[in-house]
Amino acid sequence: MSMLRTCHLLVLMLCVSAIEDFDWTKNDHGSFYYGVFPTGFSWGAGGSAYQTEGAWNVDGKGMSIWDAFAHKKGKIFLNDTGDFSCEGYHKVKDDISLMKDMNLKHYRFSISWPRILPTGIKNENINEKGIRYYDDLINKLLENKITPIVTLYHWDLPQILEEKYRGWQNASMVNLFNDFANLCFERFGNRVRHWITFNNPWSIAVEGYETGEHAPGLKLRGVGAYKAAHHIIKAHAKVWHTYDTQWRNKQKGLVGISLSGDWGEPVDISNQRDIEAAERYVQFYMGWFATPLFNGDYPQVMKDYIGRKSAQQGLGASRLPVFTAQEKSYIRGTCDFLGIGHFTTRYITQKNYPSGRGNSYFTDRDLAELVDPRWPDPGSEWLYSVPWGFRRLLNFVKKQYGNPMIYVTENGVSEKMMCTDLCDDWRMQYFKDYINEMLKAIKDGVNIKAYTAWSLLDKFEWDEGYSERFGLYYVDFRDKNKPRYPKASVQYYKSIISSNGFPNQRELESWKGKAIETCSSSNQLLAAGKSNTSHYSEELGGAKTKTNCYFIQSLTGILFVLPLQLEDCPRKIRNLQES
Ligand code: NOJ
């Protein structure tokens, strides 16, 4: 692997630039760019309903597919659920004061469909208590001059729609989702100007209907993901048109989508097959959704590959569904802004998968994903810190889709230990480097308007339960009150926000010291079980446990949790370089 990497670097350095404004052959991975963001650039943080709200069966909320999935044994790490999570439902005031303290300009959250429509269907039952919760959240954000960026679907489909229709496998979802979205425009649209239809449809389709790691847990390999995506794309377009024809004049808002995408870099940049494989990786990922919305149809390479493999399997039609001419023109141009959730990068090389041996989204791509062992990987297994990949992805989007307006809707890094050291130097480094690459992309001419740190709080991390913490704020999940404690990265992000970027080296050097000072005292508060961020602690009357630190170990494949004292917490091996 490292020989491949060396070869890659050499070729990159030797190649002569030829392409337009962004030089794809240039490697200035190590360099840091001092400068500030355009005036009005919006800094924010985010979360989503199922991951943070808790209150899963409170005030008339219906069940979502995630409630049902998490309640089944063996689906979620340690069989945890989002039943209580951060108790965000009861802590609106607390959480907004955290945002205010950071000087956030926007907060990204999602509306739980079954919280406001318990049966999923608008004509059946509107849960006014659920509406009131989001009303209150939106009003309080606005009172504090924080712009709400609202996602309509962050994975929590009403369970009843899964049972009745098989969820996104069924075309009826298009109209039902449109009804739900329309209700949200009607009730909240006088105050919300930024709507995101779907969050990360790639995950909904692939993890929900192909691998089954996520709700609803179906393993319809090689077929289910494509079908789900097809209906999601149509549902997005329908909602965009509804807004455009019924609400835009009055409400003057924007409707976009949030796509996730890792960057794929060819292992060997002089090898045409690797170059094409890397392009395929990105097209099968972000392009799967972005190309229809911007150009009206699936990427040609997806149509070719899936079509060819389907024919080889003796199928009468491609497993990739087809849009009619009318649908293509209806779908094209339905994105007022493109939300991007980005976390990591892969090296890609060509690898053939003969079609005889079963089919899947993954084998359809004919490629292999690799990582450089030197890339820092402080948290989730899949998440390597590769900041330069972010700039490349942003430039790719600019080039492919006609320089759309971009909102970065998710970017951040986790830590794997439940025993959290609030002095999260690796997260500060990650934010610094990724945000710096985003600044370089703006210099390249990419039209980026906003950045959303993911996430405001530690929260339920889907099938990983609470074992992966992405928060700027640590949440003590063992405490019924779910108190929040600032990690050092809160202070660091605050410094970036207040300078609107990276003014100069001297200033930056002082940021880290300041951040470390604050986290040392927060560490002590955590050890003593005292949060100074929760106003509701006594009201909820939670019990404290003595142990402050848990560490998940993997030994001979068995995962278990050891209680430790905070001082004993093993530090993760980090190879992040100080700059
Ligand atoms: C993308 C998802 O949208 C989000 O919910 C999740 O927390 C992050 N990935 C990190 O895994």
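Predicted model, so just to flag it, every value in this text is computed and none were measured. Here the residue index of a chain counts from 1 through its sequence in written order. Only residues with pLDDT of at least 70 are given local features in this predicted model, and only at 80 or more are side-chain atom pairs given and counted; all residues enter the totals for whole chains, interfaces and linings. Each side-chain value is derived from all of the structure's non-hydrogen atoms; neither hydrogens nor water enter the calculation.

In the neighbourhood of the ligand, 13 residues make up the surrounding shell, with Q51, N199, E410, W454 and E461 lying closest. Polar contacts here mean pairs of N or O atoms no more than 3.5 Å apart (in protein, one a potential hydrogen donor and the other a potential acceptor; neighbouring residues in sequence count only if both atoms are side-chain atoms). Q51 places a side-chain nitrogen or oxygen 2.8 Å from an oxygen atom of the ligand. H154 is positioned such that a nitrogen or oxygen atom in its side chain is 2.9 Å from an oxygen atom of the ligand. Only the protein chains shown count as cover for residues, with accessible areas throughout obtained via the Shrake-Rupley method and a probe of 1.4 Å. The fraction of the free accessible surface of the ligand (300 Å²) that becomes covered by protein chains is 93%. The residue inventory of the shell around the ligand, partitioned by class, reads six nonpolar, four polar and three charged. Here a residue is considered near a molecule or strand provided that any single heavy atom belonging to it is located within 4 Å of it. Lys, Arg, Asp and Glu make up the charged group, whereas Ala, Val, Leu, Ile, Met, Phe, Trp, Tyr, Cys and Pro make up the nonpolar group; the residues left over, Gly among them, are polar.

So, on to the UniProt feature "active site" (unreviewed entry) in the protein chain. This chain's UniProt record puts "active site" (unreviewed entry) on E410. Strands here mean DSSP runs of E at least two residues long; helices mean DSSP runs of H or I at least four residues long; both are numbered from the N terminus. With respect to the element layout, E410 can be found in strand β11 (residues 406–411). Residue burial is assigned from relative accessible area. The probe radius is 1.4 Å, only protein chains are included, and a residue is buried under 20% of its type maximum, exposed over 50%, and partly exposed in between. Overall, E410 belongs to the buried group, its relative accessible area being 9%. Any pair of residues with heavy atoms lying within 4.5 Å of one another is described as a contacting pair. If near-sequence neighbours (up to four positions away) are discounted, E410 is found in contact with R108, H154, N199, I340, G341, H342, F343, T452 and W454. UniProt positions are given in the numbering used here, feature names are shortened, and annotations may be inferred rather than shown by experiment.

Moving on, we get to the pairing of strand β6 (residues 254–260). Burial runs high along β6: six of the seven residues are buried. A pair of strands is considered paired only if DSSP assigns at least 2 bridges between the two. Where strand β5 (residues 194–199) meets β6, four bridges bridge the pair, whose relative direction is parallel. Residue pairing across strands places N199 opposite S258, the latter belonging to β6.

What follows deals with the packing of helix α9 (residues 201–209) against helix α11 (residues 272–295). Where α9 contacts α11, the axes come no closer than 10 Å and their chain directions differ by 120°. Between α9 and α11, the angle is such that the two are oblique. With respect to the hand of their crossing, α9 and α11 are arranged in right-handed fashion. Facing α9, whose interface residues are P201, W202, A205 and V206, α11 presents F284, Y285, W288 and F289. A per-class count over the contact of α9 with α11 returns eight nonpolar, no polar and no charged. Fitting a line to C-alpha atoms yields each axis, with helices limited to the stretch in contact; the angle taken between N-to-C directions then spans 0 to 180 degrees. When describing relative orientation, an angle under 35 degrees is termed roughly parallel and one over 145 degrees roughly antiparallel, while 65 to 115 degrees is termed roughly perpendicular and anything else oblique. Each crossing gets its handedness from the near helix: less than a right angle anticlockwise from the far helix is left-handed, clockwise is right-handed.

Once that is clear, we can look at unusual backbone geometry. Cis geometry is adopted by the peptide bond preceding P216, which originates at A215 and carries an omega value of 5°. Put simply, W454 and S455 share a cis peptide bond, and its omega is 10°. Assignment of secondary structure puts S455 in the loop between β12 (448–454) and β13 (473–475). Even without glycine at this site, N103 takes up a positive phi of about 65°. Positive phi outside glycine occurs at K482, with the angle close to 50°. Its location among the elements puts K482 in the loop between β13 and β14 (484–486). Accessibility expressed as a relative area gives 9% for K482, which makes it buried.

Here we come to a positive patch on the surface. Side chains of K72, K75, K219 and R221 sit close together on the surface and give a patch of like positive charge. Tracing the sequence through the fold places K75 in the loop between α3 (65–71) and α4 (92–102). Within this analysis, patches are made of residues with over 30% relative accessible area and no salt bridge. Like charges are joined at 9 Å or less; nonpolar side chains (Val, Leu, Ile, Met, Phe, Trp, Tyr) at 5 Å or less. By salt bridge we mean one thing: a side-chain nitrogen of Lys or Arg within 4 Å of a carboxyl oxygen of Asp or Glu. By the counting rule applied here, Lys and Arg register as positive and Asp and Glu as negative, while His and the ends of each chain are not counted. Each charge is placed at NZ for Lys, CZ for Arg, CG for Asp and CD for Glu.

Nonpolar side chains in soluble globular proteins tend to end up buried together. Counting 161 residues, the largest nonpolar core has W168, W195, W288 and M438 as its most contacted members. Apart from the residues lying within four places of it in its own chain, the contact partners of M438 are F37, F41, W43, F390, L394, V408, I448 and Y451. I149, I196, Y407 and A450 belong to the second-largest nonpolar core, a separate cluster that totals five residues. What we call a nonpolar core is a set of buried Ala, Val, Leu, Ile, Met, Phe, Trp, Tyr and Cys residues that are connected through their side-chain atoms within 4.5 Å.

In this section: helix α12 (residues 300–312). When the terminal C-alpha atoms of α12 are compared, their 18 Å separation across 13 residues agrees well with the 18 Å that a helix rising 1.5 Å per residue should span. For α12, the set of buried residues is M302, Y305, I306, K309 and S310. An end-on view of α12 places all buried positions within 125° of arc, on one side of the element. Exposed and facing more than 90 degrees away from the buried side of α12 are A311 and Q312. Here the buried face of α12 lies against α10 (224–251), α11 and α14 (361–364). Of the residues one or two after α12, G314 is the one with positive phi, at around 80°. To estimate how far a helix should extend, the number of its residues minus one is multiplied by 1.5 Å. Working note: the arc is built from the helix axis to C-beta atom directions.

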